[in-house]
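Coordinate analysis (summary)
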Amino acid sequence: MINYRTKAIIKREVIQQIFSKRFIFATLSLPVFMLIVFGLQFLFMSFEGGGDSLRVFAEEQNTLELLQSQLNDIENENPIDLDVIYQQSNREALGVFIASNRDAILDGDINGVLFVPATALNDKQVIFYSNNAGNQNLLNRIRAVVNTVVLNSYVNDRNMDDDIIDFVRMNVSVQNIRLTESGTIDGNAGGQQAIAVFFNILLYISLLMVAAPAMAAVNEEKVSRVVEIVLSSVSPAELMAGKIVGSAIAGFTQMFIWLIPVVLVASGSLPLLMVLSDIEIQLNFSMLVYFLLNYLMGVLTFLSIFSAFGAMFDNPQDAQSSMFPVMMLIVVPFFLAFSVVNNPTSMLGVVGSMLPFFSILVMPVRMVLIDVPLWQFAVAVLVNLATLYFVVLLCGKIYRFTILMTGKNPSWKEIYKWMRYS
Amino acid sequence: MSELEVRQLNKFFGKLHAVKDVSFNVSEGAIFGLIGRNGAGKTTTLRMMMDIIGPDSGEILLDGKPVGHEFRRRISYLPEERGLYKKMKVMDILNFFMEIKGIKPAAVKNKALAYLDQFQLLDRKDAKIEDLSKGNQQKIQFIAAILSDPDFIILDEPFSGLDPVNTNILKSIIIDLKQQGKMIIFSTHLMDFADKMCDQIALIHQGELVLNGALKDIKKQYSGRNISLVYEGDISFLDENPMVEAVHDYGNATGISLYQGEDIQKVLQLLIAHKVVIKKFDANEISLQEIFLKVAGEDD
């Protein structure tokens, strides 16, 4: 089926695309960009958590010592750069301190003042002063400490069995278990959602990044008339097939490279992402195979459509401005897939994952979030293959008819006519 | 000796009958000129011969058999409107055009370098196409067309846009190819080139073949009543003369056509009587330009 002529076209397309500056930049920059985003997030979190100045007041000396001990333990385990000054004090003395240090609190020199009254051992009510009531960051960091101290003080004053005390001290631990057809998998919903979003973005970016330049290349061939020389040696079908397969190989290579960091993160082999150590990702081999096959079907489908559009118009501006309806075939499923992330079992998600064009973006998202029934995969694959078949058939006709046509741009009516009668 | 036959080609674009029952034969080792006005149907005919577009009816035969894929390997085409992949380097693009013909680039590397040298482009072999001038890009296209050593070469307006030096280089290569026994078909609306280079011509007018055959035979058919004149003075009196069918005046050189049966000597006597300074008087000589104007210019 693929003869020497088509092979020569494929070879040229692959070389031209893979060695282009645009391709190399995009292939390398996307993973780097995502690492930068994660790194910056970590950096900002570090900045937010550092250099806070806290004053801790307690009416009971015992409570104050427990607070100091707990905060020191935390600081030793995981340095959080918290400057704390402890002081035993009653409400009156606290009032004087607040009055005399109002400016320091307002200026942020003192980020927070915690007061643990004696009554806190009964009603668990403590007071926290700061210049920003919305600043939950510092309060969240000390809330658990205060709770532990109050709880310990409370149980220590009573004669209780150690196992009861241990039980009371213990926090509830939630084990997140994802139910699948084949069994149960320990999982972290956050990790799966992140990978679903990532897959959706990868598909969206790659489909556009591969298909749009292919359209421009076909259009340039037509406008520059180089297509006439090529068509004197190869048939339009061979030329179109060669261009599409060549571009698909380039896109597939790019997608493969982009998936490497994802696989490394999923397997825990990428130490750079230790900041995300509490996020678990469950990706198995069959998911990756489906993702890549699904991508291949998608990229071939959209390359066919975009190539036909490139062939129809006499200049790149007209081709681009007429792309809106076709772009919607990528953009709408992209946004639907985003909504499916929150509820992958919704009717919209189920139907979307088996609809022509939509399936390419929606099914991979559902696949990583839930255990999709096998019949739905089968329907999606059949729908994608059927879509590809009809798109190649129709777009091939359009391409053959229009690649040498010059003059006025075709109307939608004319395009319909070519498809019907050819 | 091979013979390429174009038999009753027809092509419609919507309601426009662009090519109407066009038939002609081209022999091996001949330069064949497909001439006609802009929009006459030359390029469409050539595209159908190259199987770039399919005819609505008619066929192309080589030695009596319909041409197939093998013919495509033996034929090369230089289209009228030039274009190359701008981002590719000169050698890469020549290699690509060889690969789509099933020829390994290494097999023609030395030949490619020799042609580049002949066209004074050897130092630009690693340059990108976009960095070459339009004329140089055209030369690269011509090299791409002949590098595969085709048996049949179709050149659509090969001389347009070339400077006189490069036109001469191109002409000498075409003549060289003819001497090698290649069949060369070129379309042009520049009658001077066709007149000097072609062995056979076909004139297409409004999609129809109106002249076809060996150039010398066509000239013989038209020249009996023609005078080619180079002069100084006023010959406007000829316009009203009942012997004269048409005067194609270019200032100092003129072609004069007489009606059937009129005597050329009488025209010479008239010119002398009107004190026209005659620098050249060539009886029975008609240029292709004149034939072209006579046949294709009748509607204007």
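Everything quoted here is computed from the prediction, not taken from an experiment.

Looking only at helices and strands, chain A has 18 helices and six strands in total. Residues classed as buried in chain A amount to 33% of the 422 residues present. Considering only contacts in chain A between residues 6 or more positions apart, those separated by 24 or more positions represent 76%.

Along the backbone of chain B there are 10 helices and 14 strands. Principal axes of the C-alpha set define a box for chain B whose edges measure 70 × 45 × 35 Å. Relative to its 300 residues, chain B shows a buried fraction of 39%. Sequence-distant contacts, at least 24 apart, represent 71% of the contacts inside chain B between residues at least 6 apart.

According to the domain assignment, chain B consists of domain 1 (3-219) and domain 2 (225-283). The straight-line distance from the C-alpha centre of domain 1 of chain B to that of domain 2 of chain B is 38 Å.

Another aspect to go through is the sheet that holds strand β4 (residues 127-129) of chain A. Residue and element names in this part refer to chain A. Taking strand neighbours across the sheet as the criterion, the four strands line up as β2-β1-β3-β4 in an open arrangement whose pairing is mixed. Strands at the two margins of the open sheet, each flanked by one partner only, are β2 (82-88) and β4. Adjacent strand axes in the sheet meet at a mean angle of 20°, parallel and antiparallel pairs treated alike. Inspection of the sheet shows strand β1 (residues 52-58) paired to β2 by seven bridges, in the parallel sense. Bridge pairing links Asp52 to Leu82 in β2.

What follows concerns the environment of Trp258(A). All names here are of chain A. Turning to its location among the elements, Trp258 is positioned in helix α11 (residues 236-266). Here the alpha-carbon distance between Trp258 and Ile205, two residues 53 residues apart in the chain, equals 11 Å. Not counting the four nearest positions on each side in its chain, Trp258 is found in contact with Leu30, Pro31 and Leu202.

So, about the interface of chain A and chain B. Taken together, the contacts link 17 residues of chain A with 19 residues of chain B. For the side of chain A that touches chain B, the secondary-structure elements that each account for two or more residues are α1 (4-18) and α10 (226-231) of chain A. The dominant element in the side of chain A that touches chain B, judged by the number of residues it contributes, is α1(A), at six residues. The class makeup of the residues in the side of chain A that touches chain B is nine nonpolar, four polar and four charged.

All right, on to the domain arrangement of chain A then. Once the domains are mapped, chain A shows domain 1 (4-35 + 188-421) and domain 2 (52-173). Relative placement of domain 1 of chain A and domain 2 of chain A: their C-alpha centres are 56 Å apart.

With that settled, the discussion passes to the sheet that holds strand β12 (residues 244-249) of chain B. All names here are of chain B. As summarised here, the arrangement of the four strands in space is β12-β13-β11-β14, forming an open sheet in which the pairing is antiparallel. Two strands lie at the open edges of the sheet, namely β12 and β14 (277-283), each paired on one side alone. Within the sheet, the average angular offset between the axes of one strand and its neighbour, ignoring direction, is 20°. As defined by bridge partners, strand β11 (residues 226-232) adjoins β14 across six bridges and the pair is classed as antiparallel. Residue pairing in the sheet places Ile227 in a bridge with Ala283 of β14.

The next subject is the packing of α11(A) against helix α12 (residues 285-312) of chain A. All names here are of chain A. Two numbers describe how α11 lies on α12: the axes approach to 9 Å, and their chain directions differ by 145°. You can see that α11 and α12 cross each other, and the crossing is right-handed. Touching Met240, Lys243, Ile244, Ser247, Ala248, Gly251, Phe252, Met255, Leu259 and Val263 of α11 are Leu288, Leu292, Tyr295, Leu296, Val299, Leu300, Leu303, Ser304 and Ser307, all from α12. Of the residues that constitute the contact of α11 with α12, the class distribution is 14 nonpolar, four polar and one charged.

Next up on the list: α11(A). Here α11(A) is 31 residues long and its end C-alpha atoms lie 44 Å apart, about the 45 Å a rise of 1.5 Å per residue gives. Of all the bends found along α11(A), the most pronounced is centred on Leu259(A) and spans about 25°, while Pro261(A), a proline, follows it within four residues.

To continue, consider the UniProt feature "transmembrane region" (unreviewed entry) in chain A. All names here are of chain A. The feature "transmembrane region" (unreviewed entry), as annotated in UniProt, sits at residues 21-44, 194-217, 229-250, 256-276, 288-311, 323-341, 348-369 and 375-395 in this numbering. Helix makes up 100% of residues 194-217 and strand 0%. Its end C-alpha atoms lie 34 Å apart. Strand forms 0% of residues 375-395 and helix 100%; the C-alpha atoms that close the span are 30 Å apart.

Residues and elements named next belong to chain B. At a minimum axis separation of 9 Å, helix α3 (residues 90-99) and helix α5 (residues 134-146) run at an interaxial angle of 30°. At the point where α3 passes α5, the crossing takes the right-handed sense. Note on element contacts: α5 touches α3 through Ile140, Ile143 and Ala144, opposite Val90, Ile93, Leu94 and Phe97. Here the residues of the contact of α3 with α5 are counted per class, giving seven nonpolar, no polar and no charged.

Time to look at the confidence of the model for chain B. Residue and element names in this part refer to chain B. Residues of chain B with pLDDT of at least 70 account for 97%, and the chain-wide mean is 87. Here helix α2 (residues 69-74) is the element of chain B with the lowest mean pLDDT, 80, and α3 is the one with the highest, 94. In the predicted complex, the global pTM is 0.72; the interface-specific ipTM is 0.75.

Here we come to unusual backbone geometry. Backbone geometry places Gln120(B), a non-glycine residue, at a positive phi of 55°. Structurally, the position occupied by Gln120(B) is in the loop between α4 (109-118) and α5.

In this structure, Ser286(A) sits in helix α12. Separated by 65 residues in sequence, Ser286(A) and Glu221(A) have C-alpha atoms that sit 39 Å apart.

Turning our eyes to something else, we now look at the nonpolar core. Within the largest apolar cluster, 140 residues are counted, with the highest numbers of intra-cluster contacts made by Leu303(A), Ile93(B), Ile143(B) and Ile154(B). Broken down by element, this core gets its largest block of residues, 13 residues, from α12(A). Counting 20 residues, the second largest nonpolar core, distinct from the first, contains Val56(A), Leu66(A), Leu94(A) and Ile142(A).

Bringing the environment of Gly64(B) into the picture now. Here Gly64(B) lies in the loop between β4 (57-62) and β5 (65-66). For the pair Gly64(B) and Glu5(B), spaced 59 residues apart in sequence, the C-alpha separation works out to 7.5 Å.

This paragraph deals with the pairing of strand β10 (residues 208-214) of chain B. Residue and element names in this part refer to chain B. Here strand β9 (residues 200-205) runs beside β10; their pairing, made up of six bridges, is antiparallel. Note on β10: the bridge partner recorded for Leu203 is Leu211. A loop of two residues connects β9 with β10, the two strands running antiparallel in sequence, and Gln206 in this loop sits at a positive phi of about 50°.

Reading guide: rules and limits
Residues numbered from 1 in each chain as written. Chains lettered and ligands numbered in written order. Predicted model: local features only at pLDDT ≥ 70, side-chain atom pairs only at ≥ 80, totals over all residues. Helix = DSSP H or I, 4+ residues; strand = E, 2+ residues; numbered from the N terminus. Buried ≥ 20, exposed ≤ 12 C-beta atoms within 10 Å, placed from the backbone. Contact = placed C-beta atoms within 7 Å. Domains from an automatic or database assignment. Pairing = 2+ DSSP bridges. Axes fitted to C-alpha atoms, helices over the stretch in contact; angles between N-to-C directions. Nonpolar A, V, L, I, M, F, W, Y, C, P; charged D, E, K, R; others polar. Left-handed = near helix turned anticlockwise from the far one by under 90°. Expected span 1.5 Å × (residues − 1). Bend = angle between axes of the 7 residues up to and from the residue. UniProt positions renumbered as here; feature names shortened; annotations may be inferred. pLDDT = per-residue confidence, 0-100. Core = buried A, V, L, I, M, F, W, Y, C linked by C-beta atoms within 7 Å.

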